[in-house]
Amino acid sequence: MHELSIAQSLIGLVEREAEKEGFTRVLEIRLRMGEYAGIIPDCLREFFPLAAAGTKAEGAALEIETLPARFRCPCGYEGGVERRAACCPVCGSTAIRMVSGREFFVEDLKVE
Ligand SMILES: [Zn+2]
């Protein structure tokens, strides 16, 4: 259900863009999302055609790229952290902060 509403808002965004730029049809949508965006790519792929039916994005290909999350630790480490460990791989601190990983945006649209 969550992914269906995301698919619908994605279509809404694409439709507004199409309106603004005068596209007649969207051929491909390239999405980027952080691994902690809380969206399951396979679910989104499943719901996308339902949300796209009857819109300019009907039949469009959906490309989803998942970006690994990055964390920053007081010790100076910055990079990936194992999901289950949830602590700094260098010093073991749990005072790590996520610097990216929840983003969700349209990278590119292929249109005609
Ligand atoms: Zn550390």
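The structure this text deals with has already been given above.
Keep in mind that what you see is a predicted model, and the values were worked out from it rather than measured.

Engineer: I'm lost on the pattern of salt bridges in this one. Help?
Structural biologist: Once their charged atoms are close, side chains differing in charge can pair, the charge on each being opposite to the other. The full count for this structure, using the stated rule, is 10 salt bridges. Note that K110 and E28 form a salt bridge whose closest N and O atoms lie 3.4 Å from each other. In this pair, K110 sits in strand β6 (residues 104–111) while E28 sits in strand β1 (residues 26–34), placing the two residues 82 residues apart along the sequence. With its nearest N and O atoms 3.7 Å apart, the salt bridge here joins R83 to E35. Of this pair, R83 sits in the loop between β4 (78–79) and β5 (97–100) while E35 sits in the loop between β1 and α2 (41–52), placing them 48 residues apart in sequence. A relative accessible area of 33% places E35 in the partly exposed class.

Engineer: What's the story with the packing of aromatic side chains in this structure? I'm lost.
Structural biologist: Two numbers describe a pair of aromatic rings. These are the distance of the centres and the angle of the planes. All told, the structure shown has 1 aromatic pair when counted by the stated rule. The ring of Y36 has R83 sitting right over it, with the charged end atom 4.3 Å from the ring centre.

Engineer: Help me understand the packing of helix α1 (residues 2–21) against α2, please; the structure alone is not making it clear to me.
Structural biologist: Helix packing for two helices is described by the angle between their axes and how far apart those axes are. The geometry of α1 relative to α2 is characterised by a closest axis approach of 8 Å and an angle of 50° between their N-to-C directions. With respect to α2, the element α1 is oriented oblique. Crossing hand, α1 versus α2: right-handed. Where α1 abuts α2, its residues E3, L4, I6, A7, Q8, L10 and I11 lie against C43, L44, F47, F48, A51 and A52. Here the residues of the contact of α1 with α2 are counted per class, giving 11 nonpolar, 1 polar and 1 charged.

Engineer: Before we go on, may I ask you to explain the sheet that holds β1 in this structure?
Structural biologist: Strand-to-strand pairing in sheets goes through backbone hydrogen bonds, with the strands running parallel or antiparallel. With mixed pairing, the 3 strands of this open sheet are ordered in space as β2-β1-β6. Here the strands that pair on one side only, and so sit at the sheet edges, are β2 (61–67) and β6. Taking each pair of neighbouring strands and ignoring which way they run, the sheet shows an average axis angle of 15°. Sheet topology note: the β1/β2 ladder contains 7 bridges and is parallel. Looking at the pairing, L31 lines up with I64 of β2. Contacts from α1 reach β1, β2 and β6, with the element oriented near 50° to β6. Strand contacts of α2: β1, β2 and β6, with the helix running at about 165° to β2, the strand carrying the most contacts.

Engineer: Whenever I open this one, the coordination of the zinc ion confuses me. Can you help?
Structural biologist: When four donors bind a metal tetrahedrally, each ideal donor-metal-donor angle is 109.5 degrees, and when six bind octahedrally, the ideal angles are 90 or 180 degrees. Binding of the zinc ion to the protein goes through C73 (SG), C75 (SG), C88 (SG) and C91 (SG), at separations of 2.3 Å. Given 4 donor atoms and angles of 104 to 115° at the metal, the environment of the zinc ion is assigned as tetrahedral. The motif formed by the donor residues of the zinc ion, counted along the single chain, is C-x1-C-x12-C-x2-C.

Engineer: How should I be thinking about the sheet that holds β5 in this particular structure?
Structural biologist: The strand order β4-β3-β5 describes an open sheet built from 3 strands, whose pairing is antiparallel. Strands with a single pairing partner mark the edges of an open sheet, and in this sheet they are β4 and β5. Here 2 bridges tie strand β3 (residues 70–72) to β4, and the two strands are oriented antiparallel to one another. Across the sheet, R72 pairs through a bridge with E78, a residue of β4.

Cut-offs and rules
Residues numbered from 1 in each chain as written. Predicted model: local features only at pLDDT ≥ 70, side-chain atom pairs only at ≥ 80, totals over all residues. Heavy atoms only, no water. Salt bridge = Lys/Arg side-chain N within 4 Å of Asp/Glu carboxyl O. Helix = DSSP H or I, 4+ residues; strand = E, 2+ residues; numbered from the N terminus. Buried < 20%, exposed > 50% of the residue type's maximum accessible area, 1.4 Å probe, protein only. Phe/Tyr/Trp six-rings, centres within 6.5 Å; stacked < 30°, edge-to-face > 60°. Lys NZ or Arg CZ within 6 Å of the ring centre and 35° of its normal. Axes fitted to C-alpha atoms, helices over the stretch in contact; angles between N-to-C directions. Parallel < 35°, antiparallel > 145°, perpendicular 65-115°, else oblique. Left-handed = near helix turned anticlockwise from the far one by under 90°. Contact = heavy atoms within 4.5 Å. Nonpolar A, V, L, I, M, F, W, Y, C, P; charged D, E, K, R; others polar. Pairing = 2+ DSSP bridges. Donors = N, O, S within 2.8 Å, 3.2 Å for Na, K, Ca; no water. Tetrahedral: all angles 85-135°; square planar, octahedral: opposite > 155°, others 65-115°.

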